[in-house]
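Below are the chains, spelled out letter by letter.
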Amino acid sequence: MTKAPVQIIMGSRSDWPILKMALTPLDELQVSYEASVVSAHRTPDRLYKFCKDSENNGTKVIIAGAGGAAHLAGMAAAMTWLPVIAVPIPSKYLKGVDSLLSMVQMPKGVAVATQAIGESGAYNAGLIASQMLALSDTDLRDRLIAWRKKQTDSVAEAVE
């Protein structure tokens with residue numbers, strides 16, 4: 001079974017309100033994706049199967065969002081050669097700083113592309129996933145260039 005090139009995984013269903021911000025650039029750039037709950041701590045067998053299956057089913061980029069201890073992105077990166085983009089989810093007590101530090105402090109040799117905490121991080125994860133895919137997809141590259149031009153053109157030069 002072929003999957004979408006972008007897989008979005010989250011540690012808990014409660015992470016979805018933040019992670020769904022990744023869909024905006026993915027939808028605008030016509031990049032297909034799938035989302036699922038894969039907890040590093042509560043469903044480790046599901047995470048292992050997800051990572052091993054992803055290598056052979058059409059997945060090209062993984063976006064992993066989690067809060068708290070936030071081991072999901074790092075564990076996924078440890079189990080697959082595919083690029084993993086991490087999105088720290090804001091937490092109740094430490095506002096996502098705990099998640100950010102867990103994701104960004106990866107040991108040498110296990111790379112995770114960590115984004116900002118929260119919605120802007122999720123949005124940019126969708127954008128950078130699209131940019132990664134555009135390296136080998138000329139149609140997507142053209143859509144991305146047009147998308148960036150439209151964004152640039154939307155910024156007014158004068159203050160009214």
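Provided above is the structure to which this section pertains.
Rules behind the numbers
- Residues numbered from 1 in each chain as written.
- Predicted model: local features only at pLDDT ≥ 70, side-chain atom pairs only at ≥ 80, totals over all residues.
- Heavy atoms only, no water.
- Buried < 20%, exposed > 50% of the residue type's maximum accessible area, 1.4 Å probe, protein only.
- Helix = DSSP H or I, 4+ residues; strand = E, 2+ residues; numbered from the N terminus.
- Pairing = 2+ DSSP bridges.
- Right-handed = clockwise from strand over helix to strand, strands pointing away.

What exactly am I supposed to notice about the pairing of strand β1 (residues 6–10) here?
The two faces of a sheet get side chains in turn, since along a regular strand they alternate between them. With respect to burial, β1 is a largely interior element, five of its five residues being buried. Side chains V6, I8 and M10 project from β1 onto one buried face, and the interleaved Q7 and I9 project onto a second face that is buried too. In terms of strand pairing, β1 meets strand β2 (residues 33–37) through five bridges, oriented parallel. Looking at β2, one finds that M10 is bridged to V37. In terms of strand pairing, β1 meets strand β3 (residues 61–66) through five bridges, oriented parallel. Directly across from V6, in β3, lies its bridge partner V61.

So what exactly am I meant to see when it comes to the pairing of strand β4 (residues 84–88) here?
Counting buried positions over the five residues of β4 gives five, a clear majority of the element. As defined by bridge partners, β3 adjoins β4 across five bridges and the pair is classed as parallel. Looking at the pairing, A64 lines up with A86 of β4. You can see the chain leave β3, run along helix α4 (residues 72–79) and come back into β4, and the turn it takes is right-handed.

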